[in-house]
Amino acid sequence: MGKTSSRKDESKHADRKFEKKLEFYTKVRETVALGAQKAIKKKKLRTRQKKLKAYNLSSLAEFLPDIESSKQATPADFKVTSKSRQKLVMKETNQLKTVLNNPTFQADPLAALHQHLQNTQPVSDEKPPRKNEKGKKAKKKNKKKRSKGATGSQSMEE
């Protein structure tokens, strides 16, 4: 005939079924969230790759000087430690004292600096042409004055 079951068994069965549904829904939410995160990561990766392609300057490498020669020109891994910093400060302090005690510097500091820069800076053959900003402004003002003066004299004559 039929199964004999009590209400307690049915409620336990319903509780287990409900718990399984909850577990299933949480798993679904996690997988959807992971899928969305993966999609976002893929989009970011694609945009990064596109940017890298846009900034690919490897074709210009042949015009640059050799890397080995540039490494030799720079000082070899100079680390600034407290001891080296202290030595540098002492050296600069002594240099400043000698400059301040120099009689030519005491007489005319700007002239002494100018002379020092002329002695130490390399001479450049080409001088860039200077634009005369004052001349341009003066021409514009003169044109305005002329045009105003010409209209003013015409109005007087009439």
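Residues numbered from 1 in each chain as written. Predicted model: local features only at pLDDT ≥ 70, side-chain atom pairs only at ≥ 80, totals over all residues. Heavy atoms only, no water.

An unreviewed UniProt entry annotates the chain as Ribosome biogenesis protein slx9-like originating from Deinandra increscens subsp. villosa. Heading Subcellular location (unreviewed entry) of the UniProt record for the chain holds this comment: "Nucleus, Nucleolus". Quoted verbatim from the Sequence similarities (unreviewed entry) field of the UniProt record, the comment on the chain reads "Belongs to the SLX9 family." (UniProt positions renumbered as here; feature names shortened; annotations may be inferred.)

A.B. asks: Can you walk me through the overall build of the chain in this structure?
C.D. replies: From N to C terminus, the chain includes 6 helices and 0 strands. Order of helices (α) and strands (β) in the chain, N terminus to C terminus: α-α-α-α-α-α. Counting all 158 residues of the chain, 1% fall into the buried class. In the form shown here, the chain has an accessible surface area of approximately 16900 Å², with 58% of it arising from carbon and sulfur atoms. (Helix = DSSP H or I, 4+ residues; strand = E, 2+ residues; numbered from the N terminus. Buried < 20%, exposed > 50% of the residue type's maximum accessible area, 1.4 Å probe, protein only. Areas by Shrake-Rupley, 256 points an atom, 1.4 Å probe, with all protein chains shown as cover.)

A.B. asks: So what exactly am I meant to see when it comes to the layout of surface pockets here?
C.D. replies: Unfilled space is identified by rolling a water-sized probe across the atoms. In this structure, the largest pocket spans a volume of roughly 160 Å³. Lining the largest pocket we find Q95, T98, V99, N102, T104, F105, A112, L113 and H116. Breaking the lining of the largest pocket down by element, the ones donating at least two residues are α3 (82-101), α4 (103-107) and α5 (109-120). Looking at the lining of the largest pocket residue by residue, the class counts come to 4 nonpolar, 5 polar and no charged. (1 Å grid on protein atoms, 1.4 Å probe; cavity = no way out; pocket = protein on both sides within 12 Å on 5 of 7 lines; lining within 4 Å. Points joined across faces, edges and corners; volume = space filled by probe spheres on them. Nonpolar A, V, L, I, M, F, W, Y, C, P; charged D, E, K, R; others polar.)

A.B. asks: Which parts of the structure should I look at to understand a positive patch on the surface?
C.D. replies: A cluster of like positive charges, contributed by K38, K41, K42, K43, K44, R46, R48, K50 and K51, occupies part of the molecular surface. For K50, the position within the fold is in helix α1 (residues 7-54). (Patch = residues over 30% accessible without salt bridge, like charges linked within 9 Å, V, L, I, M, F, W, Y side chains within 5 Å. Salt bridge = Lys/Arg side-chain N within 4 Å of Asp/Glu carboxyl O. Lys, Arg positive; Asp, Glu negative; His and termini not counted. Charge placed at Lys NZ, Arg CZ, Asp CG, Glu CD.)

A.B. asks: Looking at this structure, how should I read a nonpolar patch on the surface?
C.D. replies: Together, F24, Y25, V28 and V32 give the surface a local cluster of nonpolar side chains, amounting to about 390 Å² of exposed area. Relative to the assigned elements, V28 resides in helix α1.

A.B. asks: Help me understand the packing of aromatic side chains in this model?
C.D. replies: Describing an aromatic ring pair means giving the distance of the ring centres and the angle of the ring planes. Summed over the entire model, instances satisfying the criterion amount to 1 aromatic pair. With 5.9 Å between their ring centres and 55° between their planes, F24 and Y25 make a pair best called tilted. The exposure class assigned to Y25 is partly exposed, which follows from its relative accessible area of 45%. (Phe/Tyr/Trp six-rings, centres within 6.5 Å; stacked < 30°, edge-to-face > 60°.)

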